[in-house]
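Coordinates in review
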Amino acid sequence: MIRFLLPGVALVALWIVVSASGGAVSEGRLAALTAETMPESLNNQILLVEGRVYGEQPVLLVIRADDAASEGYASRYNNERQMPSGPFRIELPLSGLATPDGRVLDPASLSFVTAFTRPELALNISVRKFQILEAPRLPDDAVGLDFGGAGSALFSGFRRVTATDPDARGKVVSEISRPQPDPLTRDGLRGVETVTIPWPHKAADLTLWTEDPGAWETLPQRAEHRISVNGKVILDHRMSPDEWIRKRYLASRGLELQGEADPWTLYGKRMGGRITARVEAVDGQLVIRLQGGPPWGTFLSAALVEPVGDRRAARFVAQERAKWFRSAWPVLKGARTRPGWPVAQVAIDGGMELAVAPGTAVIGELLLPATGETLDTGLFLESGGLPEGWRVRFWSAHRRLERSSPAANSLVVSERLLRPVGNIVSTHPGFSRRVVMRISVPAGAPPGTTRVKIRLQAAGRTVHMPVFVEVLPVALPAAQKPAGFYLDEAPHLKWFDSRPEARSRQLRCDAEFIRSFGLTNLAPGLSTPLPGKEREFSLDARNSRARTLLAYAPAKRLLAALGPKEAARQIARVRKLTAQRIIWSVADEPSNPASVGADLRGWVQTIKAVEPSVAVAGHLNSLHDQSLAQLFDTLIVNPGFGIDLDRLAMLRREGRRVWIYNTWRPRLTAGLWLWRSEAEAFVQWHGRMPTADPYNPLDGREDDMAVFPPMARVCSETPDISEDLLLMSEGVLDQRWLLWLQDQRSPEATALLARIRGLAGRTWETARTLRAADLARIRADIISLAQRL
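Residues numbered from 1 in each chain as written. Predicted model: local features only at pLDDT ≥ 70, side-chain atom pairs only at ≥ 80, totals over all residues. Heavy atoms only, no water.

With that settled, consider the overall build of the protein. Each helix and strand counted, the protein has 14 helices and 39 strands in total. By the compact-globule yardstick of 28 Å for 789 residues, the protein fits well, its C-alpha radius of gyration being 28 Å. Burial analysis of the protein (789 residues in total) assigns 58% to the buried set. Expressed as a percentage of contacts within the protein between residues at least 6 apart in sequence, the contacts between residues at least 24 apart total 73%. Per element, the accessible surface of the protein, about 33000 Å² overall, is 50% carbon and sulfur. The protein carries 99 positive and 86 negative side-chain charges, and their two centres are separated by 4 Å. (Helix = DSSP H or I, 4+ residues; strand = E, 2+ residues; numbered from the N terminus. Rg over C-alpha atoms; globule rule 2.2 N^0.38 Å. Buried < 20%, exposed > 50% of the residue type's maximum accessible area, 1.4 Å probe, protein only. Contact = heavy atoms within 4.5 Å. Areas by Shrake-Rupley, 256 points an atom, 1.4 Å probe, with all protein chains shown as cover. Lys, Arg positive; Asp, Glu negative; His and termini not counted. Charge placed at Lys NZ, Arg CZ, Asp CG, Glu CD.)

In structure tokens, the structure reads:
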């Protein structure tokens with residue numbers, strides 16, 4: 001393919017930049033604009049990028065922009081996209097381009113704009129158009145106002161209204177800018193009490209976008225919301241905290257992808273808090289008054305006014321927004337990776353055979369076949385079908401879109417969200433329904449085979465599904481190395497004063513639930529132990545039920561609140577109040593471009609000077625962090641830093657304790673790799689870190705990361721979960737089976753052990769090529785040996 005470059009711009013085929021993940025990326029440029037080739041004015045301009053991806057695999061496309069202040073990755077705009085096969089068209093507003101550290105580029109001083117990919121992918125993508133164009137405009141008789149900062153993204157055809165604009169007034173008006181979603185709704189003004197819009201006609205159709213999309217784990221709460229225009233009320237909402245959680249925060253919990261994977265239809269069109277009304281002008285003006293629970297009842301992203309009954313402007317806005325969402329969030333194609341446990345199609349196979357060790361659990365999956373209509377299928381366990389102490393839990397896989405990686409701007413169809421099944425499972429036309437089943441068996445269960453009876457009823461038809469569970473005559477050793485998730489409090493349980501006890505109760509239930517799956521609450525949700533708050537911290541630590549735990553955030557919060565010396569003294573005081581071993585995380589990926597931290601060496605030296613026995617840890621994700629390794633008692637490292645067997649062994653020889661974090665392969669890491677390596681534990685991000693709307697992947701800097709997605713009910717007996725929880729529990733069970741195999745002395749066991757070590761290799765790059773089916777086969781081979789022995 002021929003790579004496109006604008007005339008008069010020299011092609012530099014290859015150079016090195018730093019990627020968003022912190023590593024070096026060899027860059028193959030596809031197209032570029034320099035200051036000499038840009039238009040004189042970039043007001044209300046967009047960058048148009050058109051091209052095609054060849055072949056079946058997605059290709060990374062990066063759009064970069066520099067202004068006069070750009071000196072490196074952290075000070076320029078970087079937009080990384082996984083582009084699926086086929087043609088693509090990207091329209092990027094040149095206002096509101098922000099750097100990783102949040103600085104907005106100055107459009108007037110843009111000096112370089114380029115599109116590039118990795119050199120080895122350059123033949124798989126071509127760019128046909130790369131040019132700056134005037135943005136589309138609204139119909140002449142419509143008025144569009146886009147509220148926000150002077151440098152924030154401006155929606156096509158709209159006029160900017162800032163906090164100093166006389167048409168938007170309030171006692172304290174502040175500008176809000178968010179990383180997502182579209183240019184219309186990602187920014188706005190908070191504290192707006194009145195907006196005045198000149199309007200020459202008697203009446204108008206008014207559309208307002210009134211909701212702050214939120215950021216990190218916070219979706220701004222708005223239990224009271226009142227809007228009037230020239231004295232006529234067009235909106236008056238009042239909700240209790242519980243109602244707001246149920247009706248707004250969790251409103252999308254049941255939203256499921258049933259047709260085409262379209263981010264606009266499924267998510268985008270619902271975003272922004274759109275309100276429409278027919279209003280009357282008075283004295284040639286529309287005066288909009290906002291009231292509500294401060295400060296979020298007085299927030300505006302945008303306003304659109306058009307002649308009554310016209311709706312051309314409303315259609316224009318919807319079309320432009322739809323185009324933006326579909327371009328900015330490409331959906332990657334590809335078959336779903338099987339999780340590695342047995343699957344039975346209930347209408348075909350008619351049965352399933354599973355094997356389990358006493359005191360453990362086994363997972364199977366029932367696949368309800370696609371139908372031509374929506375059906376509610378009854379799913380029942382026959383009465384008397386379970387021996388004493390056995391338990392069966394069912395979850396239905398929920399079909400939705402999620403990001404292809406936590407910070408990606410591409411989506412994949414996912415069924416990793418599992419929702420508990422009562423007696424009813426819905427099926428939809430054209431899609432099979434996965435029902436995941438976990439059967440737990442008590443420690444004293446006698447050997448033998450038990451028939452678990454499952455009955456399904458749909459459309460007047462009954463299917464009996466026998467599951468034969470063989471309890472093996474083995475006693476597995478306990479796992480030697482714990483695995484778990486970073487686990488924080490459920491955000492919505494701390495927003496309202498009416499639920500002060502719910503936060504702690506849910507943390508206790510989370511700890512008990514993951515414990516029942518063989519996992520350890522290694523990084524629990526912990527209060528910040530500020531002076532006078534030490535008891536709350538100690539209670540949270542005890543409730544974690546872990547002997548050794550990682551205090552992920554408290555030390556950093558103490559440092560910010562108290563300064564280094566007093567924070568170090570407070571850590572020393574708190575340490576004496578708990579019987580558990582606490583490891584205090586004091587560094588979080590310090591080499592990241594956007595990471596802003598204290599003087600790490602001085603901070604650690606201050607802690608050790610106050611109390612030498614305090615254990616400190618650092619999260620390290622880059623080779624650049626190697627020089628900091630000697631600062632910490634425990635190194636918490638990921639593949640970016642290096643988790644090969646030899647590297648982990650070297651760190652241990654240097655006297656460091658080592659944990660692994662964030663491999664995104666929970667079963668492989670918790671099982672085979674912990675068993676093979678000298679790492680002591682594994683923690684994965686994240687138990688409870690939803691971003692803004694917890695069921696919308698498009699509204700934050702990163703995707704919603706939640707093994708326990710939020711629910712209205714506190715301490716649900718069978719909560720919603722991510723499939724990752726089951727996968728990690730399978731990994732811990734793999735570890736126990738490997739330890740059992742290691743204790744066997746037969747020639748068959750020795751040969752199998754050697755083969756498994758060979759499959760894993762000594763590098764993470766080798767081990768991560770093992771698929772779910774490979775890990776399942778390793779477990780099956782060990783169980784087969786146990787059955788023969």
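Right, let's talk about the packing of aromatic side chains for a bit. Under the defined criterion, the tally for this structure stands at 15 aromatic pairs. Geometrically, the ring pair formed by Phe155 and Phe158 is edge-to-face, given 5.3 Å between the ring centres and 90 degrees between the ring planes. A single burial state applies to Phe155 and to Phe158, both of which are buried. Where Tyr249 meets Trp495, the ring centres are 5.1 Å apart and the plane angle is 80 degrees; that geometry is what we call edge-to-face. With Tyr249 in helix 1 (residues 241-249) and Trp495 in the loop between strand 32 (483-485) and helix 4 (502-515), the pair connects residues that are 246 residues apart, well separated along the chain. Trp495 sits in the buried class, given a relative accessible area of 16%. Counting every residue linked through ring pairs, the aromatic cluster contains Trp395, Phe513, Phe517 and Phe708. Over the face of the ring belonging to Phe517 we find Arg438, whose NZ or CZ atom lies 3.9 Å from the ring centre. The side chain of Lys556 reaches across the aromatic face of Tyr552, ending 3.9 Å from its centre. (Phe/Tyr/Trp six-rings, centres within 6.5 Å; stacked < 30°, edge-to-face > 60°. Lys NZ or Arg CZ within 6 Å of the ring centre and 35° of its normal.)

Relative to the assigned elements, Leu741 resides in helix 11 (residues 723-743). When the C-alpha positions of Leu741 and Arg315 are compared, they lie 65 Å apart, and in sequence the two are 426 residues distant. Setting aside residues up to four positions removed in sequence, Leu741 forms contacts with Ala749, Leu752, Leu753, Ile756, Ile782 and Leu785.

What follows deals with the environment of Thr99. Inspection of the secondary structure assignment puts Thr99 in the loop between strand 6 (86-93) and strand 7 (112-117). With 20 residues separating them in the primary sequence, Thr99 and Asn79 have C-alpha atoms 9.7 Å apart. With sequence-adjacent residues up to four places away left out, Thr99 is seen in contact with Ala74, Ser75, Arg76, Tyr77 and Leu105.

Attention now moves to the sheet that holds strand 23 (residues 352-356). Ordered by their spatial adjacency, five strands build an open sheet running 23-31-30-25-28, and the pairing between neighbours is mixed. In this open sheet, the two edge strands, each paired with only one partner strand, are strand 23 and strand 28 (424-427). The average undirected angle you get between the axes of adjacent strands in this sheet is 25 degrees. (Pairing = 2+ DSSP bridges. Axes fitted to C-alpha atoms, helices over the stretch in contact; angles between N-to-C directions.)

As a further point, take the state of the cysteines. Tallied over the full model, the rule gives one disulfide. Put simply, Cys509 and Cys715 are joined by a disulfide, and their sulfur atoms are 2.0 Å apart. Measuring the twist about the S-S bond at about 100 degrees, one finds the Cys509-Cys715 disulfide to be right-handed. With Cys509 in helix 4 and Cys715 in the loop between strand 38 (681-684) and strand 39 (721-722), the pair connects residues that are 206 residues apart, well separated along the chain. Overall, the relative accessible area of 29% leaves Cys509 in the partly exposed class. For Cys715, a relative accessible area of 17% puts it in the buried group. (Disulfide = S-S within 2.5 Å.)

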